[in-house]
Amino acid sequence: MFQKADIENKYREKNVENSLKIRNQYIEEYNQYLNNSLSTTLLKIKERFLNLKNRLVKELTNDLYQLIKDKINTNYDNYIKFLLELIKKNTYNLDKYQEITFFFNSKDYNYFSKNLDKIQNLFNNSVEIKKNDTEIIGGFKILLIEGRLNYDYSISNLIDKNSTYIEMEFSKIVSDSEIKEIEHKFEDFIRNQKLRITEYLKEYDRI
């Protein structure tokens, strides 16, 4: 009888030990699953947000390019005034060099080749104009031979430098707070799932 009781006691202890192992393994695996789900889902949310952001910024930039092209074509005189004002703002730094070369797109080159005095009158040193190797929407590039310096005042470069404003426009469409709200909701969901495991294990312990 003593042997039988000892065997039953060892068997009971073994069952408790196995039950605890199963219980702990379940907790570990379930929590790992939830943590992985949280990490994966948050990563996907951020990735989708970034893709959406990049796509919208690209579309916004393309629309801006088209808008500028249309405005140049519909009011070319104002565009020329803009170019001359931009050149004038940089006259002091540029006039330190004896050889100043401006590069324009085809249309602007044709205009300034006939009206070179509008640029030359802004400088003491001589000014040369050329066509840019690749066609640009508008604006100009500058080469200073003596200093081996290049300045890029093309429309595309000006847009790139002011990309912060494009980002601001994007923020009006999709705010970071909305993305954060989605993340918080999913984090709450995972947290609730982890709490449910406690209730489930209480039932498990009663068995």
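As shown above, the structure is provided for reference.
Reading the values: the criteria
Throughout, residues of each chain are indexed from 1 in the direction in which the sequence is written. Where totals are concerned, whole chains, interfaces and linings use all residues; where local detail is concerned, this predicted model gives features only for residues with pLDDT of at least 70, and gives and counts side-chain atom pairs only at 80 or more. For side-chain calculations, the full set of non-hydrogen atoms in the structure is used, while hydrogens and water are omitted. Helix and strand definitions here come from DSSP, where helices need a minimum of 4 consecutive H or I residues and strands a minimum of 2 consecutive E residues; each element is numbered from the N-terminal end. For every residue, the accessible area obtained with a 1.4 Å probe (protein chains only) is divided by the maximum for its type, and the residue is called buried under 20%, exposed over 50%, and partly exposed between those limits. Surface exposure here means Shrake-Rupley accessible area, sampled with a 1.4 Å probe, where a residue is shielded only by the protein chains that are shown. Two residues form a contact once any of their heavy atoms are found within 4.5 Å. A 3.5 Å cut-off defines polar contacts: any pair of N or O atoms within that distance qualifies, except that in protein one atom must be a possible hydrogen donor and the other a possible acceptor, and neighbouring residues in sequence count only when both atoms are side-chain atoms. Each nonpolar core is a collection of buried residues, namely Ala, Val, Leu, Ile, Met, Phe, Trp, Tyr and Cys, held together in the definition by side-chain atoms within 4.5 Å. The criterion for an aromatic pair is that two Phe, Tyr or Trp rings (for Trp, the six-membered ring) have centres within 6.5 Å, with stacked assigned to planes under 30 degrees apart, edge-to-face to planes over 60 apart and tilted to the rest. For two strands to be treated as a pair, DSSP must find at least two bridges joining them. Structural elements are reduced to axes, namely lines fitted to C-alpha atoms, with helices fitted over the stretch in contact, and the angle between N-to-C directions of any two is expressed from 0 to 180 degrees.

(A) Examining the overall build of the protein more closely. From N to C terminus, the protein includes 8 helices and 4 strands. Each helix (α) and strand (β) of the protein, taken in turn from the N terminus, gives the series α-α-α-β-α-α-β-β-β-α-α-α. Residues counted as buried form 28% of the 207 residues belonging to the protein. Surface accessibility of the protein: about 15100 Å² in total, with carbon and sulfur atoms responsible for 52%.

(B) Quick look at the environment of K118. Inspection of the secondary structure puts K118 in helix α5 (residues 117-120). The spacing of K118 and L84 is 34 residues in sequence and 7.7 Å in space, taken between C-alpha atoms. Among residues more than four places away in sequence, those in contact with K118 are L84 and Y111. A distance of 2.7 Å separates the side chain of K118 from the side chain of Y111, its partner in a polar contact.

(C) Fine view of the side chain of N105. Here N105 lies in the loop between β1 (100-104) and α4 (106-114). Side-chain polar atoms of N105 contact the backbone oxygen of I136, separated by 3.1 Å. Apart from residues lying up to four places away in sequence, N105 is in contact with E135, I136, I137 and G138.

(D) Quick peek at the environment of S113. Summarising the element assignment, S113 is placed in helix α4. Given a relative accessible area of 39%, S113 falls into the partly exposed group. For S113 and E128, which are 15 residues apart along the polypeptide, the C-alpha to C-alpha distance reads 9.4 Å. A polar contact is formed between the side chain of S113 and the backbone oxygen of N110, at a distance of 2.8 Å.

(E) Inspection of the nonpolar core at higher detail. Judged by nonpolar contacts, the single largest core of 22 residues is most densely connected at F102, F104, F112, I119, F123, F140 and I142. Those elements giving two or more residues to this core turn out to be α2 (76-89), β1, β2 (127-131) and β3 (139-144). When residues in this core are grouped by element, the largest group, 7 residues, is from α2. Setting aside residues up to four positions removed in sequence, F123 forms contacts with I87, T91, L94, D95, I100 and F102.

(F) Expanded view of the packing of aromatic side chains. Counted by the stated rule, this structure contains 10 aromatic pairs. When the centroid spacing of 5.1 Å and the interplanar angle of 85 degrees are considered together, the rings of Y111 and F112 count as edge-to-face. Using a relative accessible area of 0% as the deciding quantity, one classes F112 as buried. An angle of 15 degrees between the planes, with centres 6.4 Å apart, marks the rings of Y151 and Y153 as stacked. Taking relative accessible area as the criterion, Y151 reaches 30% and is therefore assigned partly exposed. Classification of Y153 by relative accessible area gives buried; the value is 16%.

(G) A look at the sheet that holds β3. In spatial order, the strands read β2-β1-β3-β4; together these 4 strands make up an open sheet with mixed pairing. Only two strands of the sheet have a single partner each, and these edge strands are β2 and β4 (149-154). Neighbour to neighbour, the strand axes of the sheet diverge by 20 degrees on average, direction disregarded. When β1 meets β3, the two strands line up antiparallel, connected through 4 bridges. Within β3, the residue paired with F102 across the bridge is I142. Strands β1, β3 and β4 of the sheet are contacted by α2, whose axis makes an angle of about 30 degrees with β3. Sheet strands in contact with α4 are β1, β2 and β3, and its direction is about 145 degrees off that of β2.

(H) Examining the pairing of β3 more closely. In this sheet, β4 lies alongside β3 in antiparallel orientation, the contact comprising 6 bridges. Its bridge partner being in β4, G139 is matched across the sheet by S154.

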